[in-house]
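One-letter residues, chain by chain:
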Amino acid sequence: MRKKVIAGNWKMNLNLQESISLISGIKNGLRTLSSNVEVIICPPYTSLETASTLVKNSHVKLGAQNMYFEESGAYTGEISASMLKSVGCEYVILGHSERRTIFGETDSTINKKIHKALASGLLPIFCIGETLDEREKGITFDVVKRQVVEGLKNVDTENMKKIIIAYEPVWAIGTGKVASKEQAEEVHAFIRKELIALYQSDVAEQIIIQYGGSVKPDNAVELLSQPNIDGALVGGACLKVDSFLGIIKAC
Ligand code: PEP
């Protein structure tokens, strides 16, 4: 039985004071929820250190939204894996579609980031997913397969066990257009089949595959009850205590 993992991607939202207030709300809400769901929050860099102090001794784990694959040096504006570790991050989101489309990240860049994160002791939340155009052209499975194969190139079995995959159809992110449970489950099952081909079934069966794309409390139950959907990567709905807790309750 795989556990459920709910992660909140705050994106470029919430200043330090707002972050403190959201984290307090989440922690208070989780106290009254007896849940064995793993909860991860991914605030912006500017709130990470404070967030790390606030989530200590709670069930909430901390992640970042991105990092660069080099150790240090002349990379103005970038943040390294060891910097994230030093402020208490356990997870890092890599390959989010906004990084791919707005900032030009490629499968190869993302692969380098995955290797650097793993070597530095960070657990990647590796995002993949097709655009609307790709879905309409009928190449969803080709795109997702390429992203899996290229993104995970040279990742060995032991390291693979540390990776969470987030399937996020780009057309469902921030649009309110959620994939149907059948559409989501079909791609999740396909991803697991590809993982079986790459890593054998005992490893593939352990891997958490989250769904992301307009997840809300009212659609979470049907998505999360699919056999290959092991959690959610949540954008908009993670910025409010009630909606984020509502999704956790759905588990
Ligand atoms: C995301 O950005 O990863 C995401 C899934 O966003 P939203 O929930 O707002 O669609």
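Refer to the structure above for everything that follows.
Criteria and cut-off values
The written sequence of each chain sets the order in which its residues are numbered from 1. The predicted nature of this model means local features are confined to residues of pLDDT at least 70 and side-chain atom pairs, given and counted, to a pLDDT of 80 or more, with totals for whole chains, interfaces and linings taken over all residues. Where side-chain values are given, they derive from all heavy atoms of the structure, hydrogens and water being excluded. Any residue with a non-hydrogen atom lying within 4 Å of a molecule or strand is treated as near it. In protein, a polar contact means a hydrogen-donor-capable atom and an acceptor-capable atom, both N or O and within 3.5 Å, with residues adjacent in sequence counting only if both atoms are side-chain atoms; elsewhere, any N or O pair within 3.5 Å suffices. The accessible surface values rely on the Shrake-Rupley method and a 1.4 Å probe; as for residues, cover is taken only from the protein chains in view. A pair is scored as a salt bridge if a Lys or Arg side-chain nitrogen falls within 4 Å of a carboxyl oxygen belonging to Asp or Glu. The helix count covers DSSP runs of H or I at least four residues long, the strand count covers runs of E at least two residues long, and both are numbered beginning at the N terminus. Each residue's exposure class comes from its accessible area (1.4 Å probe, protein chains only) as a fraction of the maximum for that residue type: buried when under 20%, exposed when over 50%, partly exposed otherwise. Between any two strands, at least two bridges found by DSSP are needed for them to pair. The axes are straight lines fitted to the C-alpha atoms, using for helices just the contacting stretch, and the angles between their N-to-C directions are given from 0 to 180°. As used here, the arc is the angular range of directions from the helix axis to the C-beta atoms. Any two residues whose heavy atoms approach within 4.5 Å at even a single point are treated as in contact. Here the aromatic set is Phe, Tyr and Trp, taking the six-membered ring for Trp, and pairing holds for ring centres within 6.5 Å; pairs whose planes are under 30 degrees apart are stacked, those over 60 apart are edge-to-face, and all others are tilted. Whether a charge lies above a ring is judged from NZ of Lys or CZ of Arg, which has to be within 6 Å of the ring centre and within 35 degrees of the ring normal.

1. Things to note about the site of the ligand
- In the neighbourhood of the ligand, 14 residues make up the surrounding shell, with Lys-11, Glu-168, Gly-174, Ser-214 and Gly-235 lying closest.
- A distance of 2.6 Å is found between an oxygen atom of the ligand and a side-chain nitrogen or oxygen belonging to Glu-168.
- Here the ligand, which alone exposes 290 Å², has 97% of that area covered by the protein.

2. Some points on the pattern of salt bridges
- In total, this model carries 17 salt bridges according to the counting rule given.
- Salt-bridge contacts for Glu-98 lead to Lys-11; the nearest nitrogen and oxygen are separated by 2.7 Å. Of the two residues, Glu-98 sits in helix H4 (residues 97-102) while Lys-11 sits in the loop between strand S1 (5-9) and helix H1 (16-31), which places them 87 residues apart along the sequence.
- For Glu-98, a relative accessible area of 26% puts it in the partly exposed group.
- Notably, a salt bridge pairs Asp-133 with Lys-137, separated by 2.9 Å at the nearest N-O pair.

3. Examining the sheet that holds strand S2 (residues 38-42)
- Within the closed barrel, the eight strands sit side by side as S1-S2-S3-S4-S5-S6-S7-S8. Their pairing is parallel. In this sheet, adjacent strand axes meet at a mean angle of 25° when their direction is disregarded.
- Taken together, the four bridges between strand S5 (residues 123-128) and strand S6 (residues 164-167) define a ladder with parallel strand orientation. Along S6, the bridge assignment pairs Ile-125 with Ile-164.

4. Topic: helix H2 (residues 45-55)
- Taken together, the buried positions of H2 are occupied by Ser-47, Leu-48, Ala-51, Ser-52 and Val-55. Angularly, the buried residues of H2 cover 145° about the axis, an arc narrow enough to put them on a single face. Exposed residues lying more than 90 degrees from the buried face of H2 are Thr-46, Glu-49 and Thr-53.
- The inward-facing, buried residues of H2 abut H1, S2, strand S3 (60-64) and helix H3 (81-86).

5. A word on the pairing of S6
- With burial as the criterion, each face of S6 is covered, one bearing Ile-164 and Ala-166 and the other bearing Ile-165 and Tyr-167.
- Strand direction decides the pairing type here: S6 and strand S7 (residues 209-212), joined by three bridges, are parallel. Across the sheet, the residue bridging to Ala-166 is Gln-210, located in S7.

6. Considering the packing of aromatic side chains
- With the rule as written, the count across this model stands at four aromatic pairs.
- With 4.6 Å between their ring centres and 35° between their planes, Phe-141 and Phe-190 make a pair best called tilted. Residue Phe-141 is located in helix H7 (residues 140-151), and its partner Phe-190 is located in helix H9 (residues 181-199); the two are separated by 49 residues in the primary sequence.
- On the accessibility criterion, Phe-190 (13% relative accessible area) is buried.
- An aromatic cluster is defined as three or more aromatic residues linked by ring pairs; in this entry it consists of Tyr-68, Phe-69 and Tyr-75.
- For the cation-ring pair, Arg-99 lies above Phe-103, with the distance from its terminal atom to the ring centre recorded as 4.1 Å.

7. A short note on the environment of Phe-244
- The topology assignment puts Phe-244 in helix H12 (residues 241-250).
- When the C-alpha atoms of Phe-244 and Arg-31 are compared, they prove to be 14 Å apart, with 213 residues separating the residues in sequence.
- Those residues in contact with Phe-244, other than ones at most four positions away along the chain, are Ile-6, Ala-7, Gly-8, Ile-26, Val-39, Ile-40, Ile-41, Ala-237 and Cys-238.

Just geometry here; none of it tells us what the structure is for.
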